[in-house]
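A look at the structure
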Amino acid sequence: MLKLGIVGLPNVGKSTLFNALTSAGVLAANYPFATKDPNIGRVNVPDARLDVLADVVQPQRTVPAAVEFVDIAGLVEGASKGEGLGNQFLANIRETDAIVHVVRCFDDDDILHVMGSVDPVRDREVIEFELALADLSTVEKRLDRVKRSAKTGDKDALAELPTIEKAHSFLKDGRGLWEAKLNRDELAILKPLSLLTAKPILYAANVTDAELSGDEGPHLTTLRAAIVASGERADVVPFSAKIESELAELPVEDRQEFLASLGLTSAGLDRLITAGYHLLGLQTYFTAGEQEVRAWTIHRGDTAPQAAAVIHTDFERGFIKAETAGYDDFVSNGGWKGVKEKGMMRQEGKEYIVKDGDVLLFRFNV
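Everything in this summary refers to the structure shown in the same document.

What counts, and at which threshold
Residues numbered from 1 in each chain as written. Predicted model: local features only at pLDDT ≥ 70, side-chain atom pairs only at ≥ 80, totals over all residues. Heavy atoms only, no water. Helix = DSSP H or I, 4+ residues; strand = E, 2+ residues; numbered from the N terminus. Rg over C-alpha atoms; globule rule 2.2 N^0.38 Å. Buried < 20%, exposed > 50% of the residue type's maximum accessible area, 1.4 Å probe, protein only. Lys, Arg positive; Asp, Glu negative; His and termini not counted. Charge placed at Lys NZ, Arg CZ, Asp CG, Glu CD. Salt bridge = Lys/Arg side-chain N within 4 Å of Asp/Glu carboxyl O. Axes fitted to C-alpha atoms, helices over the stretch in contact; angles between N-to-C directions. Parallel < 35°, antiparallel > 145°, perpendicular 65-115°, else oblique. Contact = heavy atoms within 4.5 Å. Polar contact = N/O pair within 3.5 Å; in protein donor to acceptor, adjacent residues only side chain to side chain. Arc of directions from axis to C-beta. Core = buried A, V, L, I, M, F, W, Y, C linked by side-chain atoms within 4.5 Å. Left-handed = near helix turned anticlockwise from the far one by under 90°. Nonpolar A, V, L, I, M, F, W, Y, C, P; charged D, E, K, R; others polar. Pairing = 2+ DSSP bridges. Phe/Tyr/Trp six-rings, centres within 6.5 Å; stacked < 30°, edge-to-face > 60°. Lys NZ or Arg CZ within 6 Å of the ring centre and 35° of its normal. Patch = residues over 30% accessible without salt bridge, like charges linked within 9 Å, V, L, I, M, F, W, Y side chains within 5 Å. Areas by Shrake-Rupley, 256 points an atom, 1.4 Å probe, with all protein chains shown as cover.

Glancing now at the overall build of the protein. When you go through the protein residue by residue, the secondary structure sums to 15 helices and 12 strands. A compact globule built from 366 residues would reach a C-alpha radius of gyration of about 21 Å, and the protein, at 23 Å, matches this within 12%. The burial tally for the protein puts 51% of its 366 residues in the buried class. Across the protein, the mean location of the 41 positive side-chain charges is 8 Å away from that of the 56 negative side-chain charges.

Here you go:
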């Protein structure tokens, strides 16, 4: 399951967004530290293909893929040193796959800004600096241990040391590790440390209703420009916390009409999840039988056994083959019976790279 940690300064719309995304009834108050404990909520991944498959198969239940959001209290300057209980909050998002940084991009005299003015570029830098300093504390402890082991000739420590030193050199300057352009091997070495600034990041820009369906405002424009100038590879997803809150209160069947009345085609939640999938290189495959039709999340490039492991590790260990049909073929031919009769069901082995939308049936023996 995709796990996203939500960060940002106080009063930028974090808890309002979380509340709207998960309908969790989280306290959203106009003062810092309204949220002391992490809020965790699961949201179904919107995918119209799942309902179509269910119409074809008529299963007993339909199970969508899910995203878990972890919302922590707003961070302030000094969070990495414990200001505002910062370190306590940051620990709660270390196990997430990516970070959603909510940035305020609207002016409103009735909603206080903890730093006195609305400046998304400054806010981005403040949060990045605090995350980097929190990571620095973790890396310094690891570096000390690795150096001691390396002096004894420990091969693992000697192999790890250059990467830890590289990470340390960036973090001590208050720079995030996304600036370090780490390669796959370096990321693997750092993975056990669960470093915040090594995680992919999405910017959720909280804008006015008018900006969402019309021209971009100056705050959002300057934020985009700053991200491009820094060389950071990160998507920006504009949303309106106000619209998301109103949307969450409506019956599901009325939501699309409400969005259309505002000139929008999708909710902020849908765009955020889609951007998260793109950022992390994720895709969906399906299983379809009489008991259930279900969506599963895997990485692009995963083989059939790796996809099977998402269901259960036994499926990967005892993998024999995967019976496979593309989504379009499966639907247009009325399910498994139709694709078999027309020769559109394939038998794929361990080297098969699963495609987005594949409908799979695994054969295994443990």
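This part covers the pattern of salt bridges. Side-chain pairing between opposite charges can occur once the charged atoms of the two side chains come close. A complete count under the given rule lists 22 salt bridges for this structure. With a closest N to O distance of 3.0 Å, Asp356 and Arg49 form a salt bridge. On the criterion of sequence distance, the pair formed by Asp356 in the loop between β11 (346–348) and β12 (359–364) and Arg49 in helix α2 (residues 48–57) is long-range, its members being 307 residues apart. Judged by relative accessible area, which is 44%, Asp356 ranks as partly exposed.

Moving on to the packing of helix α4 (residues 120–151) against helix α8 (residues 218–230). The geometry of α4 relative to α8 is characterised by a closest axis approach of 8 Å and an angle of 45° between their N-to-C directions. Judged by the inter-axis angle, α4 sits oblique to α8. Judged by residue contacts, Pro120, Val121 and Arg124 of α4 engage His219, Thr222, Leu223, Ala226, Ile227 and Ser230 from α8.

Right, let's get into the side chain of Thr287. Mapped onto the secondary structure, Thr287 falls in strand β8 (residues 282–288). A polar atom in the side chain of Thr287 sits 2.9 Å from the side chain of Trp296.

Of the positions making up helix α12 (residues 304–311), those classed as buried are Ala304, Pro305, Ala307 and Ala308. Angularly, the buried residues of α12 cover 155° about the axis, an arc narrow enough to put them on a single face. As for α12, its buried residues are in contact with β8, β9 (292–299), α13 (313–317), β10 (319–325) and β12.

Ranked by size, the top nonpolar core spans 71 residues in total, and within it Phe69 and Leu272 carry the most contacts. Here this core gets 6 residues from one element, more than from any other, and that element is helix α11 (residues 268–280). Excluding residues that lie within four positions of it along the chain, Leu272 makes contacts with Leu17, Leu21, Phe69, Val100, Leu202, Ala204 and Val237.

Following both chains from N to C, one finds helix α9 (residues 241–248) and helix α10 (residues 252–261) inclined at 150°, their axes separated by 10 Å at the closest point. Regarding the angle of α9 to α10, the classification is roughly antiparallel. Our pair here, α9 against α10, has a crossing hand that is right-handed. Across from Ile243, Glu246, Leu247 and Ala248 in α9, the residues of α10 making contact are Arg255, Phe258 and Leu259. Per-class residue counts for the contact of α9 with α10 are 5 nonpolar, no polar and 2 charged.

Okay, the sheet that holds strand β6 (residues 201–206) next. Read from one edge of the open sheet, 6 strands run β2-β4-β1-β5-β6-β7, paired in mixed fashion. Two strands bound the open sheet, and with one partner strand each, they are β2 (39–44) and β7 (235–239). Strand-to-strand, the axes of this sheet are offset by a mean angle of 25°, without reference to chain direction. Pairing analysis gives 5 bridges linking β6 to β7, with the strands arranged parallel. Paired with Ala205 across the strands is Pro238, a residue of β7. Contacts from α8 reach β5 (98–104), β6 and β7, with the element oriented near 170° to β7.

This next bit is on the pairing of β8. Of all 7 residues in β8, 7 are buried; the element is thus mostly enclosed. Neither face of β8 is open: one carries Leu282, Thr284, Phe286 and Ala288, the other Gln283, Tyr285 and Thr287, and all of them are buried. Inspection of the sheet shows β8 paired to β9 by 7 bridges, in the antiparallel sense. If you follow Gln283 over to β9, its bridge partner there is Ile298. The loop that links β8 with its antiparallel partner β9 comprises 3 residues.

In this structure the tally under the stated criterion is 5 aromatic pairs. Through pairs of rings, three or more aromatic residues link up here, namely Tyr285, Phe319 and Phe362. Its guanidinium or amino end placed over the ring of Phe106, Arg104 lies 4.6 Å from that ring's centre, counting from NZ or CZ.

With that settled, consider a negative patch on the surface. On the surface, Asp107, Asp108, Asp109 and Asp110 cluster together into a patch of negative charge. Examined against the element boundaries, Asp109 turns out to sit in the loop between β5 and α4.

Geometric values such as these leave the question of function open.
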